[in-house]
Amino acid sequence: GDSVTQMEGPVTLSEEAFLTINCTYTATGYPSLFWYVQYPGEGLQLLLKATKADDKGSNKGFEATYRKETTSFHLEKGSVQVSDSAVYFCALSIFNKFYFGSGTKLNVKP
Amino acid sequence: DSGVTQTPKHLITATGQRVTLRCSPRSGDLSVYWYQQSLDQGLQFLIQYYNGEERAKGNILERFSAQQFPDLHSELNLSSLELGDSALYFCASSPPGVTDTQYFGPGTRLTVL
C-alpha cells in the first residue's frame with residue numbers, strides 16, 4: 001500500500017549546521033509529496049511540496065527534490081536556526097488520500 | 001494562523017461516552033479533512049469531505065462518523081469511546097480545485113479516562 005517512511009528522531013544540531021531529514025515513499029501511482037512542520041502546541045503547516053518527478057520544493061531555506069528513481073524526498077537546509085526547532089513530517093497525497101510519516105523532531109541548540 | 005478553527009480545544013470524557021468535534025474551514029475552502037494524531041500511530045488520515053459530500057475515507061473506525069454541513073463547517077462524532085481514542089484530532093481544509101495543499105487547524109485534544 002501507499003506509505004511514507006522518515007528517519008526517526010530526535011535530531012539535535014548546533015545552530016548553522018547542515019540539516020538532512022530522510023524520507024522515502026511507496027505509492028501505487030504518481031503522488032504529490034510534501035513536508036509539513038509542526039511547532040509546539042500548533043497544527044501542521046505546509047513547508048514545501050513537489051508534484052512530479054525532479055521537481056524541487058523550497059521555502060524558508062528548506063529544499064527537497066522529488067526523486068522517482070529512489071522514491072525519496074529528503075529535506076535539507078544549509079544552515080539551521082534555533083527557530084527551526086519543531087517536528088517535521090513527510091507526506092504524500094494520492095487519489096485524494098494523504099499519508100504522513102511518523103515525524104522527526106529537530107532540536108537546534110544555540 | 002491558518003484560518004481553520006476547531007472547537008473545543010480540549011475535551012476530557014469517560015469511556016463509553018460520545019463527543020462531537022467541530023471544524024470551520026478557511027473562508028472559500030470547500031474541502032475538509034480529519035486526522036487523528038496519537039503517540040503510537042502517528043498522524044492518520046480519517047476522512048475527507050468536499051462541499052458536503054464524502055470524498056475519501058482513510059483509517060476511520062466504524063464508531064466514528066463525520067459530516068459537512070451546507071455552511072461548510074464539519075463535525076466529527078466519536079462514540080463508544082475507548083482509552084485508545086485519546087489523541088489530538090486535527091481538521092484541515094483546502095481551496096477549490098486544489099486537492100493537494102491543506103491548511104491545518106490547531107487541533108482538539110481528546111482525553112478519555
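In this text the structure is predicted, and so the values were computed from the model without any measurement.

Student: Tell me about the sheet that holds strand E3 (residues 19-21) of chain A, residues and numbers included.
Tutor: All names here are of chain A. In space, the 4 strands of this open sheet follow the order E3-E9-E8-E7, with antiparallel pairing throughout. Single-partner strands in this sheet number two, and they are E3 and strand E7 (56-59). Averaged over all neighbouring strand pairs, the angle between strand axes comes to 15°, with direction disregarded. Here E7 runs beside strand E8 (residues 62-65); their pairing, made up of 4 bridges, is antiparallel. Bridged to Gly 57 within E8 is Ala 64.

Student: Which residues make up the pattern of salt bridges, and what values do they have?
Tutor: All names here are of chain B. Inspection of the entire model under this criterion finds 6 salt bridges over all chains. Note that Arg 26 is salt-bridged to Asp 29, the shortest N-O span being 2.8 Å. Classification of Arg 26 by relative accessible area gives partly exposed; the value is 22%. By relative accessible area, Asp 29 is classed as buried at 2%. With a shortest N-O distance of 2.8 Å, Arg 63 and Asp 85 are connected by a salt bridge. Taken together, the positions of Arg 63 in the loop between strand E6 (53-57) and strand E7 (64-68) and Asp 85 in the loop between strand E8 (74-78) and strand E9 (87-94) put the pair 22 residues apart, joining distant regions of the chain. A cluster of three or more residues bridged by salt bridges with shared partners is formed by Arg 63, Glu 82 and Asp 85.

Student: Explain the interface of chain A and chain B to me, using residue names and the numbers behind them.
Tutor: Counting residues at the interface gives 16 residues for chain A, matched by 17 residues for chain B. Buried surface at the junction of chain A and chain B, summed over both partners, amounts to about 1400 Å²; 53% is from carbon and sulfur atoms. On inspection of chain A and its partner chain B, the count reaches 0 salt bridges. For the pair chain A and chain B, the interface holds 4 residue pairs in polar contact (both at pLDDT 80 or more). Of all the secondary-structure elements, those providing two or more residues to the side of chain A that touches chain B are strand E5 (32-38), strand E6 (44-50), strand E10 (86-94) and strand E11 (97-100) of chain A. Top element by residues in the side of chain A that touches chain B is E5(A). It accounts for 4 residues.

Student: How would you explain the pairing of E8(B) if you had to name every residue and give the values?
Tutor: Residues and elements named next belong to chain B. Burial of E8 is extensive: 5 of the 5 residues sit out of reach of the surface. Of the two faces of E8, the one holding Ser 74, Leu 76 and Leu 78 and the one holding Glu 75 and Asn 77 are both buried throughout. Across 5 bridges, the pairing between strand E3 (residues 19-24) and E8 is antiparallel. For Thr 20, the partnering residue across the bridge sits in E8 and is Asn 77. Direction of pairing for E7 relative to E8: antiparallel, over a ladder of 5 bridges. By the bridge assignment for E8, Ser 65 is matched with Asn 77. The turn linking E7 back onto E8 is made up of 5 residues, and Leu 72 within it adopts a positive phi angle of 80°.

Student: How would you summarise the side chain of B:Asp29 if you had to cite specific residues and measurements?
Tutor: Locating B:Asp29 in the fold gives a position in the loop between E3 and strand E4 (31-38). Side chain to side chain, B:Asp29 and B:Ser93 meet in a polar contact 2.7 Å long.

Conventions adopted
- Residues numbered from 1 in each chain as written.
- Chains lettered and ligands numbered in written order.
- Predicted model: local features only at pLDDT ≥ 70, side-chain atom pairs only at ≥ 80, totals over all residues.
- Heavy atoms only, no water.
- Pairing = 2+ DSSP bridges.
- Helix = DSSP H or I, 4+ residues; strand = E, 2+ residues; numbered from the N terminus.
- Axes fitted to C-alpha atoms, helices over the stretch in contact; angles between N-to-C directions.
- Salt bridge = Lys/Arg side-chain N within 4 Å of Asp/Glu carboxyl O.
- Buried < 20%, exposed > 50% of the residue type's maximum accessible area, 1.4 Å probe, protein only.
- Contact = heavy atoms within 4.5 Å.
- Buried area = accessible area lost by both parts, 1.4 Å probe.
- Polar contact = N/O pair within 3.5 Å; in protein donor to acceptor, adjacent residues only side chain to side chain.

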